[in-house]
Amino acid sequence: MQMKLKLTAAAALALTAGIVSAQDVQVVKIGHVAPMSGGQAHYGKDNENGARMAVEELNTQNITIGGKKIKFELQAEDDAADPKQGTAAAQKLCDSKVNAVVGHLNSGTTIPASKVYNDCGVPMVTGAATNPTLTKPGYKTTFRIIANDNALGAGLAYYAADALKLKRVAVIDDRTAYGQGVADVFKNTAKQKGIQVVDEQFTTDKATDFMAILTAIKSKNPDGIFFGGMDPQGGPMLRQMEQLGMGNVKYFGGDGICTVKLAELAAGAKTLNNVVCAEGGSSIQKMPGGAAWKAKYDAKFPGQFQVYSPYTYDATMLLVDAMKRANSTDPKVYLPKIIESNYKGVTASIAFEPSGELKNPAITLYAYKDGKKVPLN
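Nothing here was measured: the structure is a model prediction, and the numbers come from that model.

Enquirer: I'm lost on the overall build of the protein chain in this one. Help?
Expert: Scanning the protein chain for helices and strands turns up twelve helices and 15 strands. Here the C-alpha atoms of the protein chain give a radius of gyration of 23 Å, agreeing with the 21 Å that 2.2 N^0.38 yields for 377 residues. Viewed in the frame of its principal axes, the protein chain has a C-alpha envelope of about 100 × 40 × 35 Å. Long-range pairs, those at least 24 residues apart, make up 71% of the contacts in the protein chain with a sequence separation of at least 6. About 15,700 Å² of surface is accessible on the protein chain, with carbon and sulfur atoms providing 55% of the total. Charge separation in the protein chain, taken as the distance between the mean sites of 42 positive and 35 negative side-chain charges, equals 4 Å.

Enquirer: I'm lost on the sheet that holds strand β3 (residues 68-78) in this one. Help?
Expert: What links the strands of a sheet is backbone hydrogen bonding, and the strands pair in either a parallel or an antiparallel sense. Pairing in this open sheet of six strands is mixed, and the strands run β2-β3-β1-β4-β5-β6 from one edge to the other. Edge positions in the sheet fall to β2 (64-65) and β6 (142-144), since each of these pairs with one other strand and no more. The sheet contacts of helix α3 (residues 83-95) involve β1 (25-34), β3 and β4 (100-103), and relative to β3 the element is tilted by about 155°. Of the strands in this sheet, β1, β4, β5 (124-126) and β6 are in contact with helix α4 (residues 107-120), which crosses β5 at around 160°.

Enquirer: Just checking my understanding: could you explain the sheet that holds strand β8 (residues 196-202) for this structure?
Expert: Spatially, seven strands are ordered β8-β7-β9-β10-β11-β14-β15 in an open sheet, and the strand pairing comes out mixed. Edge positions in the sheet fall to β8 and β15 (372-375), since each of these pairs with one other strand and no more. Strand after strand, the sheet turns through a mean of 25° between neighbouring axes, direction not considered. Summarising the sheet, strand β14 (residues 363-369) and β15 pair through four bridges and their orientation is antiparallel.

Enquirer: How should the pattern of salt bridges be read in this particular structure?
Expert: Two side chains carrying opposite charge are able to pair once their charged atoms lie near each other. Counted according to the given criterion, the structure contains 19 salt bridges. One salt bridge connects Asp205 with Lys206, and the closest N-O pair in it is separated by 3.1 Å. Given a relative accessible area of 62%, Lys206 falls into the exposed group. With a closest N to O distance of 2.8 Å, Lys294 and Asp298 form a salt bridge. Of this pair, Lys294 and Asp298 both sit in helix α10 (residues 290-300), four residues apart, roughly one helical turn. Taken together, the shared-partner salt bridges connect Asp184, Lys187 and Glu200 into one network.

Enquirer: Sorry, what's going on with the side chain of Glu48 here?
Expert: Following the sequence through the fold, Glu48 ends up in helix α2 (residues 41-58). Setting aside anything within four residues of it in sequence, one finds Glu48 in contact with His32, Met36, Leu74 and Ala76.

Enquirer: What am I meant to see in the pairing of strand β9 (residues 224-228) here?
Expert: Sheet faces and side chains relate simply in a regular strand, where the side chains alternate between the two faces. Counting buried positions over the five residues of β9 gives five, a clear majority of the element. Side chains of β9 alternate between two faces, with Gly224, Phe226 and Gly228 and Ile225 and Phe227 buried alike. One ladder, built from five bridges, connects strand β7 (residues 168-173) with β9; its direction is parallel. Paired with Val169 across the strands is Gly224, a residue of β9. Examined bridge by bridge, β9 and strand β10 (residues 250-253) share four bridges and lie parallel to one another. Along β10, the bridge assignment pairs Ile225 with Tyr251. Read from β9 through helix α8 (residues 231-243) to β10, the crossover connection turns out right-handed.

Enquirer: How should I be thinking about the nonpolar core in this particular structure?
Expert: In a soluble, globular protein the nonpolar side chains are often hidden away together inside. In terms of nonpolar packing, the biggest core is built from 69 residues, with Phe72, Phe186 and Ile338 touching the most fellow members. Residue contributions to this core peak at ten residues, all from helix α11 (residues 309-326). One finds Leu238, Tyr251, Tyr366 and Tyr368 within the second-largest nonpolar core, a separate group that totals 28 residues.

Enquirer: Honestly, α10 in this entry has me stumped. Any pointers?
Expert: Side chains that are three or four residues apart share a direction in an α-helix, a result of its 3.6 residues per turn. What α10 keeps buried is the set Gly290, Trp293 and Tyr297. End-on view of α10: buried residues confined to an arc of 70°, all on one side of the axis. When the buried face of α10 is taken as reference, the exposed residues oriented beyond 90 degrees from it are Ala291, Ala292 and Ala299. Its buried side turned inward, α10 meets α2 and α11.

The rules behind these values
Residues numbered from 1 in each chain as written. Predicted model: local features only at pLDDT ≥ 70, side-chain atom pairs only at ≥ 80, totals over all residues. Heavy atoms only, no water. Helix = DSSP H or I, 4+ residues; strand = E, 2+ residues; numbered from the N terminus. Rg over C-alpha atoms; globule rule 2.2 N^0.38 Å. Contact = heavy atoms within 4.5 Å. Areas by Shrake-Rupley, 256 points an atom, 1.4 Å probe, with all protein chains shown as cover. Lys, Arg positive; Asp, Glu negative; His and termini not counted. Charge placed at Lys NZ, Arg CZ, Asp CG, Glu CD. Pairing = 2+ DSSP bridges. Axes fitted to C-alpha atoms, helices over the stretch in contact; angles between N-to-C directions. Salt bridge = Lys/Arg side-chain N within 4 Å of Asp/Glu carboxyl O. Buried < 20%, exposed > 50% of the residue type's maximum accessible area, 1.4 Å probe, protein only. Right-handed = clockwise from strand over helix to strand, strands pointing away. Core = buried A, V, L, I, M, F, W, Y, C linked by side-chain atoms within 4.5 Å. Arc of directions from axis to C-beta.

Structural data, given as structure tokens:
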């Protein structure tokens, strides 16, 4: 009987210890938002993969913050690249009391969502939305770890004028915050460089038929076209340019078209060889941890890499680095530590301007050779 009592007491002690240790584990939720449905889902999946990879790695590190063992969880939401859905997803994350947010992908969803996060006091880091307007309101919760469209659009215009000596360009944009923003920067810089803008046309981020606008542009005889938009439009546009005999016209775009998938969507069109596109950051080969990171990514998510996953990975790690430095996962407590970051990431050494913009952002121009995306500089 005494033996049984001892056993029961031991079991009770073990159970109590189990409860205490379970209570000592704190779940920290990191929100992620991107288009997981619709024509841009391949970008969204890549972004989510980057954040998920970071969360899984963090959970192997036995991180303790504020005396508690931390278990990180990714709460992933779909905004379908739609501004209304973007703000709804942002509100859902705020209501779920997430500790931080990585995202969104599109400028058109990130800009309105940034107000929601500011109002609920949750830090948001984007590694994909590039419209300069994002940081204009001065929200202390908004951070960007990639070059903005001022750098991308201008870099392409300089290349068009100085390297390719182009004289006449047409500009097309998809009327989104991103597409319009990057096209305006290209257009204004091209004009400053003495290039004549011979035509401006508009489409949408749902369109697939560009014959009418391309025919109008062809009559103006440009030697280059700039498209502000994403690859689901860029690919078909390149095919239709070939059909219209525009095989000698250079084709420029920002990071929205600068994907591996563009080659697939162009479906063998020779006009793919005329593409020059720009991405924020160094090429993956030149990123501080790029090659080793990409090998891990490809092993985990074969054939899914697009553009931004190294940035969503770094954004997740950067947020947790700020939590560790503050010794708190409370957004109010660790938020001031983000702006002080000097984080050695996979993409770059990340430090911020007072506006939340990345200090000294790099850009890389790319072309397509034999259907493969290759860096120019």
